[in-house]
Amino acid sequence: MKTIGLIINPIAGMGGAVGLKGTDGVDTLKKAIQLGAVPTSGEKTKSTLREILDKSLEFRLLTCAGTMGEEAVREVGIDPELIEMDSSNKISAQTSIDAAKQMMKKKVDLLLFAGGDGTARNIVEAVGNEIPVLGIPTGVKIQSSAFSINPRSAGRICTAFINNNKIEFREGEVIDLDEDQYRKGNISTRLFGYLKIPFLKEHVQRLKSGTPKTEKYTQEAIANDLAERMSDDTFYLVGPGSTTKALVDHFGLQGSLLGVDVITSKKVIANDVNYCQILKLIESSNRVELIITPIGGQGFIFGRGNQQFTPELLSNINKDQIHILSTIQKLTSLRGQPFLIDTGNEVVNTKLSGYYRVTTGYHQSTVYKAIC
Amino acid sequence: MENKYNRLRNFHQAKWDEEVIFQLHNPGEKGIIVPEVEKEIQNEIGDGISEIPASMLRSEKPNLPEVGQMRVLKHFLRLSQQTLGADFNVDIGQGTCTVKYNPKINESFVRNPNESELHPMQDQSTCQGTLQILHEMGEFFKEISGMDRFSFQPSSGSHAILNMASIIRKFHEVNGEDGQRDEIITTIFSHPSDAAAAAVLGYKIITIHQEEDGLPSAEALRSVVSERTAGLFITNPEDTGIYNPNIIEFTKIVHDAGGLCGYDQANANGILGITRAKDAGFDMCFFNLHKTFSGPHGSGGPAAGVIGVTDRLKDFLAVPIVGKKEDGSFYLDYDLPNSIGKTRQFYGPIPVIVRAYAWIRSLGAEGLEEVANIAVLNNNYLLHKITKIRGAASPFPAGKHRIEQVRYTWDKMFKETGVGTYDVTLRLADFGFHMWSSHHPFIVPEPFTIEPTESYSKEELDEYIEALQRISDEAYSNPEIVKTAPHNSVIHKIDHSVSDDPKKWAISWRSYLKKHGN
């Protein structure tokens, strides 16, 4: 029998309703409550649970006491098992982290969490991509691609997971805004890691469609294609993401998932560099090229998740020095919306807009537009 | 509730506990007992077998099932009852495939001994009628497309695309540019075989994604053409049913870069007699006779992708083509200096060509144009009706007029009820219908592609619409009915994961036994 873990961030979503653009931090929560915000996360989670209950499946449900799971679970008529936690502590980011760690120890088969990008950050910090995790979108900021479309569809995916039916896994990016900056009107986001997200395999008509390639296979194919085109006298700045990391892996090198790595002559000369280090490293080089992948479900290529590429650096880079790598699945998920650029500098944004030939497989590319 | 859907008919599929034919094997049972050769004949020509060189003789008997004639007949009739063929249902749910009526009278020409008993090795003077059909078909297609010469070698659409790619390679080779021009450009809503068949020849594939208006832009094309461009393969109208109005600009951009342009007209049902490949600037094109020209779809069986080229590529076609001598007789012409060679055994899929010939002759030029007009009218009638069904839409872009087919979406219904394309497909089987989603990847979410052609009457289209309407009503009122469908079919949910697992899939009886034991 499968064990499903459930962590509800009970305060998720409260800031949004009263215009606070998030609920991170104790002071913000206080302010939200003063403004009349009410908790909705547990209520939304119930529609996920009802979807599973309808199917009268056999599974164990492991959750946290009180508003972090137990209440919602009992209200829909499930008798949960509870993890041990010190309930006298106030609910905070650390509570979610501790709970997720415990769930992993107890070997849950799938961990459901209800919250937003902030909660996703806590979960990825606790469990990395060790166990399957699925986000129920109940928070204010949902930029990470770690969530189902809505709470009910999380229930449907969970049902399929319990049935061992039509499930595949993908890496889902966890990205989050710096809320303080955001409230001041500045967008500042970071990529915090990748969760292992189950998803329902698309129904395809086999005879006409063939088997879709797995994400890993496609990433390797992309890496092989670009490797053929790389030259030894160029400095390559490899941006964050698992698609770009597959290229570093291709050369048998150690890459960083979330940082910028510098490669030249098939060697990594620096990992996880910042803007100043990049400038220093490329001073000596004749040619610099960027290798990037769109970040997040919204298709940003610059300005989200890879701010190491500052407008100052990018002002010296032309479009033909930029290689964009992406799986077809990632492009498809944009539903026809162009790539987005938001570096904070209009001149740079405009210069880098236009069409890119995105590498999507071995000797396969797709022409895709970027706008600002 | 039933009265509201008075067009829908009850249907329940037959089910037989039917073995695979290999399991019917009964040693010693025979279908046909071949008579022994009479003594007199043996004396004259020997036993017939000892003449065969030893190197060509089998040392072991082939592993074929031994089954009596009557059991074979029953076996296949039972299987046929378990299928849902084009002659049973309103088969408009197979968009891009152009499934239309295959006039039964055309079978009589194909099954006539004058055709069916032809041997490919017999002297050309003894099969002038068939050569005449091939020649006249070439003339018809020159009119239809504006191209200057046709070959009937390819046996399918993808095979025709491979022929086009081979012509492109040969053309650049003759011009000394073969090594340099290694890229073929296509669009995301062109048929995926345009990319796949070109990749078989080693070409790098560049796919242009659609813009917000659902079409690929000329600017995007311009950004990738270069001295490395070998050619452009494009479907128009695209698989969404939208016609690219900038097509002349597209072919010009590619020509200016030194590439050639191939038009995928596998499905030409909406543009017969309306537009011509040559007028849009193409250097070559092909048509699937088993789609637009009413040949039955053989499910991987007999098909034909006739390919035509303009004057400058006349000598590059696959051989043989059929020529006409001054005395009016016809001959097989192998003398094309730059020919890509033979791409198939013998002369082309003759039965498919004969059916299509009969179809074209029965319609004439005016009739062909009427086919396109009615197909477009039918399609836009459906578009109008289906987009009124709750949860259904025609995106990229919404509301735009379509040519012969539409790629719709159930995205809204899926988000609101959890009922998506896959569920609808299964529920439709309860009404004796079929619906196809789309090619992979699903750019259009929860897709379904409907193409009514000219064959179906308004009554039949209304019956299909009613089925979609009913399923949408069910999705919003009692989704479980749809989620647990089909209810009247003999096979319910199929576990597709088997076809993803190399340890389990089997494409022959031999590999089945190897992987699954006896």
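**Things to note about the overall build of chain B**
In step 1: A tally of regular secondary structure across chain B gives 15 helices and eleven strands.
In step 2: Its C-alpha radius of gyration of 26 Å places chain B within 12% of the 24 Å reference for a compact globule of 518 residues.
In step 3: Projected onto its principal axes, the C-alpha coordinates of chain B cover approximately 80 × 60 × 45 Å.
In step 4: Within chain B, the proportion of its 518 residues that are buried is 46%.
In step 5: In chain B, 73% of the contacts between residues at least 6 apart in sequence involve partners at least 24 apart.

**Concerning the overall build of chain A**
In step 1: Of the regular secondary structure elements, chain A holds 15 helices and 16 strands.
In step 2: Relative to the compact-globule value of 21 Å for 372 residues, chain A shows a C-alpha radius of gyration of 22 Å, a close match.
In step 3: Along the first, second and third principal axes, the C-alpha set of chain A runs to 65 × 55 × 35 Å.
In step 4: Among the 372 residues that make up chain A, the fraction classed as buried is 46%.
In step 5: Across chain A, contacts joining residues at least 24 apart in sequence account for 64% of those joining residues at least 6 apart.

**Description of the domain arrangement of chain A**
It is common to give the size of an interface as the accessible area lost on bringing the parts into contact.
Residue and element names in this part refer to chain A.
In step 1: Considered domain by domain, chain A is made up of domain 1 (2-201) and domain 2 (215-371).
In step 2: Counting from both sides, the interface comprises twelve residues of domain 1 and, opposite them, twelve residues of domain 2.
In step 3: For the side of domain 1 that touches domain 2, the leading source of residues is strand β7 (residues 189-200), giving five residues.
In step 4: When the residues that make up the side of domain 1 that touches domain 2 are grouped by side-chain class, the tally is four nonpolar, four polar and four charged.

**Observations regarding the nonpolar core**
In step 1: One finds A:L112, B:M164 and B:I353 to be the most contacted residues of the largest nonpolar core, which totals 177 residues.
In step 2: Per element, the largest residue contribution to this core is 14 residues, and it comes from helix α10 (residues 350-386) of chain B.
In step 3: When residues of this core are assigned to domains, at least three fall in each of domain 1 (2-201) and domain 2 (215-371) of chain A.
In step 4: The residues contacting A:L112, other than those within four sequence positions of it, are A:I4, A:G5, A:L6, A:L134, A:I136, A:A154 and A:C158.

**A closer look at the sheet that holds strand β1 (residues 2-8) of chain A**
Residues and elements named next belong to chain A.
In step 1: If you trace the five strands from one edge of the open sheet to the other, you get β3-β2-β1-β4-β5, paired in parallel fashion. The outermost strands of the open sheet, each flanked by one partner alone, are β3 (81-82) and β5 (133-137).
In step 2: Two strands pair when backbone bridges link them, and β1 and strand β2 (residues 59-63) are joined in this way by five bridges, in the parallel orientation. Paired with L6 across the bridge in β2 is T63.
In step 3: Strands in contact with helix α3 (residues 41-53) are β1, β4 (110-115) and β5; relative to β4, the strand with the most contacts, it is inclined by about 140°.
In step 4: The sheet contacts of helix α7 (residues 151-163) involve β1, β2, β4 and β5, and relative to β5 the element is tilted by about 155°.

**Some thoughts on the interface of chain A and chain B**
In step 1: Contacts between the two partners involve 28 residues from chain A and, on the opposite side, 28 residues from chain B.
In step 2: Where the side of chain A that touches chain B is concerned, the elements lending two or more residues are α7, α9 (206-209), α14 (328-332), β15 (354-361) and β16 (364-371) of chain A.
In step 3: The leading source of residues in the side of chain A that touches chain B is β16(A), at six residues.
In step 4: Along the lines of polarity and charge, the residues of the side of chain A that touches chain B split into seven nonpolar, 13 polar and eight charged.
In step 5: Bridge analysis of β16(A) against strand β3 (residues 204-208) of chain B gives four bridges, and the strand direction is parallel. Considered in β3(B), the bridge of A:S365 is made with B:I206.

**Points about the environment of B:R407**
Residue and element names in this part refer to chain B.
In step 1: When you line up the elements, R407 lands in strand β10 (residues 406-409).
In step 2: Take R407: there are 28 C-beta atoms within 10 Å of it, and that puts it in the buried class.
In step 3: Distance in space between the C-alpha atoms of R407 and I247 is 20 Å, their sequence separation being 160 residues.

**Digging into the sheet that holds strand β13 (residues 322-324) of chain A**
The strands that make up a sheet are held in pairs by hydrogen bonds between backbone atoms, and each pair lies either parallel or antiparallel.
All names here are of chain A.
In step 1: With mixed pairing, five strands are arranged side by side in an open sheet as β10-β9-β8-β11-β13. The outermost strands of the open sheet, each flanked by one partner alone, are β10 (267-270) and β13. Pairs of neighbouring strands in the sheet enclose a mean axial angle of 30°, with direction left out of account.
In step 2: Pairing of strand β8 (residues 234-238) with strand β11 (residues 287-292) involves five bridges; the strand directions are parallel.

**Side note on the pairing of strand β11 (residues 447-450) of chain B**
All names here are of chain B.
In step 1: A two-sided burial pattern is seen for β11, the buried positions comprising P447 and T449 on one face and F448 and I450 on the other.
In step 2: By the bridge criterion, four bridges tie β10 to β11 in an arrangement that is antiparallel. Across the sheet, R407 pairs through a bridge with T449, a residue of β11.

**What to know about helix α9 (residues 247-256) of chain B**
Residues and elements named next belong to chain B.
In step 1: Listed in full, the buried residues belonging to α9 are I247, F250, T251, I253 and V254. In an axial view of α9, the angular spread of the buried residues amounts to 155°, which keeps them on one side of the axis.
In step 2: For α9, the secondary structure elements touched by its buried residues are α8 (218-222), β4 (229-235) and β5 (260-265).

**Structural notes on the packing of helix α10 (residues 215-229) of chain A against helix α11 (residues 242-250) of chain A**
Residues and elements named next belong to chain A.
In step 1: Look at α10 against α11: their axes get within 8 Å of each other, and the N-to-C directions meet at 60°. Our classification of the angle between α10 and α11 gives oblique. Where α10 crosses over α11, the two elements pack in a sense that is right-handed. Residues Q219, E220, I222, A223, N224, L226 and A227 of α10 touch α11, and the partners they reach there are S242, T243, A246, L247 and H250.
In step 2: A breakdown of the residues in the contact of α10 with α11 according to their chemical character gives six nonpolar, five polar and one charged.

**Regarding the confidence of the model for chain B**
In step 1: Averaged over every residue, the pLDDT of chain B is 93; residues scoring 70 or more account for 99%.
In step 2: For this predicted complex, the interface confidence reaches an ipTM of 0.88, while the overall pTM sits at 0.85.

Reading the values: rules and limits
- Residues numbered from 1 in each chain as written.
- Chains lettered and ligands numbered in written order.
- Predicted model: local features only at pLDDT ≥ 70, side-chain atom pairs only at ≥ 80, totals over all residues.
- Helix = DSSP H or I, 4+ residues; strand = E, 2+ residues; numbered from the N terminus.
- Rg over C-alpha atoms; globule rule 2.2 N^0.38 Å.
- Buried ≥ 20, exposed ≤ 12 C-beta atoms within 10 Å, placed from the backbone.
- Contact = placed C-beta atoms within 7 Å.
- Domains from an automatic or database assignment.
- Nonpolar A, V, L, I, M, F, W, Y, C, P; charged D, E, K, R; others polar.
- Core = buried A, V, L, I, M, F, W, Y, C linked by C-beta atoms within 7 Å.
- Pairing = 2+ DSSP bridges.
- Axes fitted to C-alpha atoms, helices over the stretch in contact; angles between N-to-C directions.
- Arc of directions from axis to C-beta.
- Parallel < 35°, antiparallel > 145°, perpendicular 65-115°, else oblique.
- Left-handed = near helix turned anticlockwise from the far one by under 90°.
- pLDDT = per-residue confidence, 0-100.

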